[in-house]
Amino acid sequence: MKMLIKNVTAVLPDGSTPVTNIMIDKNQIAGLGEVPEDFRPARVIDGTNHLAIPGFVNAHTHASMTLLRSYADDMALMDWLNKEIWPAEAKMKDEDIYWGAMLAMLEMLRTGTTTYADMYGPWMERVAEATIDAGLRGVLSRGIIGVAPDGEQKIQENVDLFRQYNGAADGRLKVMFGPHAPYTCPPKFLEKVAAAARDLGAEIHIHMHETMDEINGSLKEYGERPFTWVEKTGLFDGKGVLAAHCVHLDDSDFSIIKKHNIRVAHNPGSNMKLASGVAPVPRLLKEGIVTALGTDGASSNNNLDMLEEVNLAAMLHKVNESDPLAVPAFTALQMGTEFGGKAVGISDIGRLEQGYKADITLLNMQGPAWCPRNNPVSLLVYSANASAVDTVIVDGRILMEKHELKTLDEERILFEAQRCADRITK
């Protein structure tokens, strides 16, 4: 179906914001600007007083952790994991994974996210089902903990997930391998993960250098920093790597990241809440390393609002660097959109440009936060909030229009998610 978004203020790849028209043909952006006479859309959306941006890309999250939102807060990472989160997750069943994921789909859709990269535990096929049901674009990986007794089985589950769902839903699903972290996956185990991923041509999604405890533990156990010994396992030698967090980096880490073209998912909200530290984002960007944004799970953030992450990325590094130019507004927006597409390894999302996927978020600019309209990008990053998200299009399909959901039953999702959470958190 051809669709036209007319008279909309669009954020273009160069940061300009003209009032223009966006033409959509099937699942792609067919063009921007003057509408040719032979372009006859079946559907026209009036974009007057709306801002069009590429749909947000959440480059690192744990969707079904929505069920643990507000369950265990104000704790250090390892205490949080060992004492609260992992015991609660051990109670989860496949229906919990599905309804937790559906709650995440609801929240992401309401806040303008069109693509997300997820890593979680068993029953990831239920997350795939939720993604298909919602209509979003998902990059899924089975979280693999190598020190667990069933570590080998988890690798096989990731293999099965790849074979069943990679490229599914007309290409909206992509599957990576998800070794959890160096502190849960010993070297020999990571070698097995690397081999399995290479055999299938799959990419890797892993937590790296999130806390100083992780670094110090590695130095004590292996005599090396995690990036150094993980490189030796061959994990970075495959098709590509998405590394979440990367908070504590030295020159040797930067060298390894650049050598293997590792992409980084920065999680400012989660890192701040868990007091993990401040990632060296200005240097990552300066050195040409793909640096995207993620929310992390809703248990450590505690939401999946990517516009909030864009704002935090722009603000946090200014104060940390004592430099108001550290991460400008448009750069922060790129981290949440275009750079996110690169980070998750999907080349044709994240830009409003001919030939790119029609993954588009429209925000209503009628309101005090948007007045006066001196600079729409600045207003979006520093002034607005996600309640302005009005319409969301994924793969050329309208999933929400004027706040009305087209694929999700919000009342049912909230009921089922609360029911599941009540059981696993008692």
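This write-up is about the structure you can find in this document. Remember, it's a predicted structure, so these values are computed and weren't measured experimentally.

## Observations regarding the overall build of the protein
From N to C terminus, the protein includes 16 helices and 17 strands. What you see for the protein is a C-alpha radius of gyration of 21 Å, in line with the 22 Å of a compact globule of 426 residues. Reported as C-alpha extents along the three principal axes, the dimensions of the protein are approximately 65 × 45 × 40 Å. Expressed as a percentage of the 426 residues in the protein, the buried residues total 61%. Considering only residue pairs separated by 6 or more positions, the protein has 72% of its internal contacts joining residues 24 or more positions apart. As displayed, the protein has an accessible area near 16,300 Å², and 49% of this comes from carbon and sulfur atoms. If the 42 positive side-chain charges of the protein are averaged to one point and the 57 negative ones to another, these points end up 2 Å apart.

## Some remarks on the packing of aromatic side chains
Under the criterion given, the structure shown has three aromatic pairs. Aromatic side chains Y98 and W99 sit 5.0 Å apart centroid to centroid with 80° between the ring planes, which places their arrangement in the edge-to-face category. The exposure class of Y98 is buried, given its relative accessible area of 11%. With relative accessibility at 11%, the residue W99 sits in the buried group. One Lys or Arg, R283, reaches over the ring of F254 and ends 3.8 Å from the middle of that ring.

## Re the layout of surface pockets
Considering only enclosed or pocket space, the largest pocket measures out at about 610 Å³ in volume. In this structure, the largest pocket is lined by 30 residues; those nearest its centre are W86, E89, Y120, G121 and I145. Listing elements by their share of the lining of the largest pocket, those giving two or more residues are α1 (77–89), β7 (113–120) and β8 (137–144). It is α1 that contributes the most residues to the lining of the largest pocket, six residues altogether. One number sums up the size of the second largest pocket: a volume of about 150 Å³. Lining the second largest pocket we find 14 residues, and of these P182, Y183, T184, E221 and Y222 sit closest to its centre. Here the element with the most residues in the lining of the second largest pocket is helix α7 (residues 212–222); it accounts for six residues.

## Observations regarding helix α3 (residues 124–134)
Regarding α3, the residues found buried are M124, R126, V127, A128, A130, T131 and A134. In this fold, the buried residues of α3 make contact with α2 (94–110), β7, β8, α4 (151–165), β9 (173–179) and β16 (397–401). Following α3 by one or two positions, G135 adopts a phi angle in the positive range, close to 95°.

## Describing the side chain of T114
Position of T114 among the secondary structure elements: in strand β7. Other than its neighbours up to four places away in sequence, T114 contacts G55, F56, L136, R137, D359, T361, V392, I393 and V394.

## Quick look at the side chain of E231
Among the structural elements, E231 can be located in helix α8 (residues 226–232). Given a relative accessible area of 19%, E231 falls into the buried group. A polar contact of 3.2 Å, which involves the side chain of E231, links it to the side chain of K259. Side-chain polar atoms of E231 contact the side chain of H260, separated by 2.7 Å. The contacts of E231, once residues within four sequence positions are left out, are F236, I256, K259 and H260.

Cut-off values and rules
- Residues numbered from 1 in each chain as written.
- Predicted model: local features only at pLDDT ≥ 70, side-chain atom pairs only at ≥ 80, totals over all residues.
- Heavy atoms only, no water.
- Helix = DSSP H or I, 4+ residues; strand = E, 2+ residues; numbered from the N terminus.
- Rg over C-alpha atoms; globule rule 2.2 N^0.38 Å.
- Buried < 20%, exposed > 50% of the residue type's maximum accessible area, 1.4 Å probe, protein only.
- Contact = heavy atoms within 4.5 Å.
- Areas by Shrake-Rupley, 256 points an atom, 1.4 Å probe, with all protein chains shown as cover.
- Lys, Arg positive; Asp, Glu negative; His and termini not counted.
- Charge placed at Lys NZ, Arg CZ, Asp CG, Glu CD.
- Phe/Tyr/Trp six-rings, centres within 6.5 Å; stacked < 30°, edge-to-face > 60°.
- Lys NZ or Arg CZ within 6 Å of the ring centre and 35° of its normal.
- 1 Å grid on protein atoms, 1.4 Å probe; cavity = no way out; pocket = protein on both sides within 12 Å on 5 of 7 lines; lining within 4 Å.
- Points joined across faces, edges and corners; volume = space filled by probe spheres on them.
- Polar contact = N/O pair within 3.5 Å; in protein donor to acceptor, adjacent residues only side chain to side chain.

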